[in-house]
Amino acid sequence: MDHIRIRKNSLWIENILAFKLARIYKTPFYCYSLSQLKNNFNSFNNIFKATKPIICFSVKSNSNLTLLRELKKLGSGADVVSIGELLKAIKAGINPKKIVFSGVGKTEEEIRTAINKKILLINVESESEANLINKISKKLSRKTSIGIRLNPNVTGKTHKKISTGGKNEKFGLLYKDYINLCQKINKMRNLKLEGLSVHIGSQITSIKPFKEVLSVLNKILNKTKINFKFIDLGGGMGIPYSSKEKKINLKQYSILVQKFSKNKNVKIIFEPGRFIVGNTAVLISKIIYIKKGNNKKFVILNAGMNNLMRPALYDSHHQIIPLKRTNKLFKGNLEFVGPVCENSDKFANQKNFWQIKEGDYIALANVGAYGMSLSSNYNTRPTVAEVMVSGSKHKMIKKRQSLENLVNN
Ligand SMILES: Cc1ncc(COP(=O)(O)O)c(C=O)c1O
C-alpha cells in the first residue's frame, strides 16, 4: 500500500493532510512516511528471504540519522562511501559487522577509521588502495577483511550519469586486473580477501543487466576457483517515478540470486538505496510567483535545485502534486522552476495542469532518495527541514539550517 497518496483531491501523508503540515512547518521541507519506509525495507527483505542476504542500505541515497535509526531497527546494515557516512551509520547504531565501505577514492583517514571500527568489508577499487590498506593494517597490527570491486562491463539501461558498470567507467577493476590483484592480495599479510563486489548503476528497472552480471560472476568463479565468502551485488534497483513506468520484477531476480548463492555457497550482500527510500518522501513547496513568459507561464517555487538536484543533474522527472486539487484544469503550458539563478533550475513542464495560484502549495513526489542528500547551500540558501510522519503523528527529524549558521560559516 502507498502511504503517500491523494484522497478526495488532497494529498495525505499517512493519516495527515499534507496541507496541514505545510501550515505548521516552514516550506520548503522534506516530508517522509515512516510506514512507507518500513514497508519498502520489509518487502525487499521478504522478496529475498530465501537467500538471507545482508542488506546494507546505501547511505548516500539518504543519510538522515532518524531514518538510519529506523532502518537499523528493521535489521539493516549500511553501505557507506565516506568517513561521514561511516560515522553516521555507527551513530545510528548499525552494527559495524553489517557495514561495507565502497568508493574509488578512500583516504588514509577513512581507511584507518574503517579498520578501527572493524567493519565487515572495505571494497577495494585499485591496487594502490589495497597497498595502502595493507600498510595501515600492518601499522595497526590488524588483518583487514576486504572485497574487491569488479567492473563487469555490464551497463544497466539507465541515465548515462548513473551508469557505473561499463568498461570505460572509473569504478572497479576489469577482469584481468581483477585476477592479478587477487593474486597479489593473497601475498599481502595484513589483508584477508573475502568479497567480490559489483555495482553497475542506479535506477535500473529491468532485471536483464542484473542477470548478465550474475552470468559474468558465474564464469569468473568457475574459472578462477577463488573462494569468496561474500558476493556483494550492489544496489541499483529502480522505482517507478510516474504511473506509466513499470516496477522492476525483483521476485524474478531473487530466484536467480538464490540459485547463484546456493551453487556457489556464498553469502549475498545487497546495497539498495533508492528502492528503500525513493518513494518515502515528498518535497513540499510554496508557489511564490506565477509569471507570464513566451507561450507559457512560469510557476516559481520556493524550492530550487539546491534542495532537489536530480532534475538538473540527471534530467529526472518528479511528479508535481498540488496539496489541494481544484476540479478545474489550466489549458496552457506551465513550467515549474525554482528561485536559483541558474537556467537549469527547472523541475517540469506541464500541460493541462490543475488550476493553481500564487501562495498555493505543491509537492514534488518520490524525493526520498538522492533528494536531501544531494542538496546544497548554492546561492547561499539554507538547507531545509525534514519531517517524518507516522500514522497521525508528525515530528521534525532535521531542523532547517538557521540563517545565522548559514551566514557565519
Ligand atoms: C557502490 C554503490 N552501492 C549502492 C548504491 C545505491 O544505488 P541505488 O540507490 O540505485 O540502489 C550506489 C549508488 O549509486 C553505489 O554507488
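Keep in mind that this is a model prediction, so the values were computed, not measured.

Novice: Even after reading the chapter, I still don't get the pairing of strand 10 (residues 191–197), so can you show me in this structure?
Specialist: Taken residue by residue, a regular strand's side chains alternate between the two faces of the sheet. With five of its seven residues buried, strand 10 lies for the most part within the structure. Bridge count between strand 9 (residues 144–149) and strand 10: six bridges; the pairing is parallel. Its bridge partner lying in strand 10, Gly 147 is registered against Gly 195. Relative to strand 11 (residues 230–232), strand 10 runs parallel, the two sharing three bridges. For Gly 195, the partnering residue across the bridge sits in strand 11 and is Phe 230. Handedness of the crossover is the feature at issue here: the chain leaves strand 10, passes through helix 8 (residues 208–224), returns alongside strand 11, and the resulting connection is right-handed.

Novice: Sorry if this is basic, but what is going on with the environment of Ile 397 here?
Specialist: Turning to its location among the elements, Ile 397 is positioned in strand 20 (residues 393–398). Note on Ile 397: 19 C-beta atoms within 10 Å, which makes it partly exposed. Between the C-alpha atoms of Ile 397 and Glu 386, which are 11 residues apart in sequence, the distance is 5.5 Å. Look past the residues within four positions of Ile 397 in its chain and what remains in contact with it is Asn 64, Thr 66, Glu 386, Val 387 and Met 388.

Novice: It is not clear to me how the sheet that holds strand 9 should be interpreted in this structure. Could you clarify?
Specialist: As a general point, the strands of a sheet are linked pairwise by backbone hydrogen bonds and lie either parallel or antiparallel. Strand order in the closed barrel formed by eight strands is 5-6-7-8-9-10-11-12, with parallel pairing between adjacent strands. Each strand of the sheet is rotated relative to its neighbour by a mean of 30°, with strand direction disregarded. The pairing of strand 11 with strand 12 (residues 267–270) spans three bridges and is classified as parallel. Its bridge partner lying in strand 12, Asp 232 is registered against Ile 269.

Rules and cut-offs
Residues numbered from 1 in each chain as written. Predicted model: local features only at pLDDT ≥ 70, side-chain atom pairs only at ≥ 80, totals over all residues. Buried ≥ 20, exposed ≤ 12 C-beta atoms within 10 Å, placed from the backbone. Helix = DSSP H or I, 4+ residues; strand = E, 2+ residues; numbered from the N terminus. Pairing = 2+ DSSP bridges. Right-handed = clockwise from strand over helix to strand, strands pointing away. Contact = placed C-beta atoms within 7 Å. Axes fitted to C-alpha atoms, helices over the stretch in contact; angles between N-to-C directions.

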